[in-house]
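Structural characterization, general
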Amino acid sequence: MTEEPVVAGGAPAPTGIASIDTVLDLVAGLDARPLEEHAPAFETAHSELRRALDDPDLGAADAAPAQPA
């Protein structure tokens, strides 16, 4: 299993893809929010991630160019 980069505060590092980063921001603060807000937040996150997977060009303009290996 690979480790994801983490920034201060335990949040995942930004991906550079606006639609994905928005979802990460949405779920990052759930531990401080009331439990009844968790399910709707996860439903929104799931919907947005599915949308990004269904349309790979959705965030392509926001992504940083690939670095040569």
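Read on for a plain summary of the structure.

Here we come to helix α1 (residues 18–28). Considered for burial, the residues of α1 that qualify are Ser-19, Ile-20, Asp-21 and Val-23. Its buried side turned inward, α1 meets α2 (38–54).

With respect to the secondary-structure elements, Asp-21 resides in helix α1. Dropping the residues within four chain positions of it, Asp-21 is found in contact with Pro-14, Thr-15 and Gly-16.

This part takes up the environment of Pro-14. Its place among the elements puts Pro-14 in the segment before α1. Relative accessible area serves as the criterion here: at 62%, Pro-14 is assigned to the exposed category. The sequence separation of Pro-14 and Asp-25 amounts to 11 residues, and the corresponding C-alpha distance is 9.1 Å.

Conventions we followed
Residues numbered from 1 in each chain as written. Predicted model: local features only at pLDDT ≥ 70, side-chain atom pairs only at ≥ 80, totals over all residues. Heavy atoms only, no water. Buried < 20%, exposed > 50% of the residue type's maximum accessible area, 1.4 Å probe, protein only. Helix = DSSP H or I, 4+ residues; strand = E, 2+ residues; numbered from the N terminus. Contact = heavy atoms within 4.5 Å.

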